[in-house]
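Here is what each chain is made of, one letter per residue.
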Amino acid sequence: MSLHTDGTTRLVLVIGGYAFKFARGRKGCLCNLFEASTWSEATPARRKMLCPVLACAPSGVLLVMPAARPLTAEEAQAHREADSFPDWDYWPGDPTEPFEYKASDWGVLDGHLVALDYSAPAIPFDDEDASPPSSPTTGGAGAS
């Protein structure tokens with residue numbers, strides 16, 4: 001069992017093979033609901049790059065995913081340098097990529113690289129404590 005409290009909108013409790021994302025207020029609920037919606041609407045190609053959502057409370061207070069091994073900072077840097085993070089294909093009307101390119105947002109599940117946190121567009125950029133998502137080339141940090 002492990003508890004991850006470094007996220008600004010959610011805390012994550014990992015028990016066995018499951019990750020429980022608990023919302024920290026309204027923004028955390030929005031993030032959980034955004035991830036659940038993104039997963040349910042994703043094409044098969046997009047689902048391959050996302051950690052699956054197993055369940056989400058209707059209010060968004062809790063979201064459940066399979067537990068994955070988070071990337072190390074070194075692994076994330078190597079992916080940025082090699083430009084080997086998955087590409088989120090553009091679809092008209094879509095928000096921007098739903099993930100950021102930082103180690104804590106990515107992991108390995110069943111041997112595949114997957115986004116663990118893909119709720120970046122859920123928080124408006126004009127919020128005082130939110131910033132735009134980073135790109136693989138800039139590596140900046142946004143809210144998660």
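The structure displayed is predicted, hence computed values, not measured ones. (Residues numbered from 1 in each chain as written. Predicted model: local features only at pLDDT ≥ 70, side-chain atom pairs only at ≥ 80, totals over all residues. Heavy atoms only, no water.)

This brings us to the confidence of the model for the chain. In regions of low pLDDT, the predicted coordinates are not meant to be interpreted in detail. Residues at a pLDDT of 70 or more form 82% of the chain, whose mean pLDDT is 84. In this model residues 126-144 is a low-confidence stretch, pLDDT under 50, and it forms 42 contacts with partners more than four residues away in sequence or in other chains. (pLDDT = per-residue confidence, 0-100. Contact = heavy atoms within 4.5 Å.)

Below, the discussion takes up the environment of Leu-3. Looking at where Leu-3 falls in the secondary structure, it is placed in strand E1 (residues 2-4). Look at Leu-3 and you get exposed, because its relative accessible area is 52%. Taking the C-alpha atoms as reference points, Leu-3 and Ile-15, 12 residues apart in sequence, are found 8.9 Å from one another. Excluding residues within four positions of it along the chain, Leu-3 makes contact with Leu-11, Val-12 and Leu-13. (Helix = DSSP H or I, 4+ residues; strand = E, 2+ residues; numbered from the N terminus. Buried < 20%, exposed > 50% of the residue type's maximum accessible area, 1.4 Å probe, protein only.)

At Asp-83, a residue that is not glycine, the phi angle is positive and equals roughly 50°. Its location among the elements puts Asp-83 in the loop between helix H3 (73-82) and strand E7 (106-109). Despite not being glycine, Asp-110 has its phi angle at roughly 55°, a positive value. Examined against the element boundaries, Asp-110 turns out to sit in the loop between E7 and strand E8 (112-115).

So, about the sheet that holds strand E3 (residues 18-23). Adjacent strands of a sheet pair through backbone hydrogen bonds, lying either parallel or antiparallel. With antiparallel pairing, the 5 strands of this open sheet are ordered in space as E1-E2-E3-E5-E4. The sheet terminates laterally at E1 and strand E4 (55-56), the two strands that pair on one side only. Note that E3 and strand E5 (residues 62-66) share 5 bridges and pair antiparallel. Directly across from Tyr-18, in E5, lies its bridge partner Pro-66. Sitting on the sheet, helix H1 (residues 26-41) is in contact with strand E2 (10-15), E3, E4 and E5, with an inclination near 135° to E3. (Pairing = 2+ DSSP bridges. Axes fitted to C-alpha atoms, helices over the stretch in contact; angles between N-to-C directions.)

A few words now on the state of the cysteines. Scanning the entire structure with this criterion turns up 0 disulfides. We note that Cys-31 lacks a disulfide partner, and the nearest cysteine sulfur, in Cys-29, lies 9.3 Å from it. (Disulfide = S-S within 2.5 Å.)

Here the focus is the environment of Ala-55. On the secondary structure map, Ala-55 appears in strand E4. In this structure the C-alpha to C-alpha distance between Ala-55 and Ala-36, which are 19 residues apart in sequence, comes to 7.8 Å. Ala-55 has contacts with Leu-62, Leu-63 and Val-64, leaving out every residue within four places of it along the chain.

Each pocket or cavity is described by its volume, and for the largest pocket that value is around 480 Å³. As for the largest pocket, its lining consists of 20 residues, and the residues nearest its centre are His-4, Val-12, Lys-21, Ser-104 and Leu-116. Going through the elements one at a time, E2, E3 and E5 are the ones with two or more residues in the lining of the largest pocket. For the lining of the largest pocket, the element with the most residues is E2, which contributes 3 residues. (1 Å grid on protein atoms, 1.4 Å probe; cavity = no way out; pocket = protein on both sides within 12 Å on 5 of 7 lines; lining within 4 Å. Points joined across faces, edges and corners; volume = space filled by probe spheres on them.)

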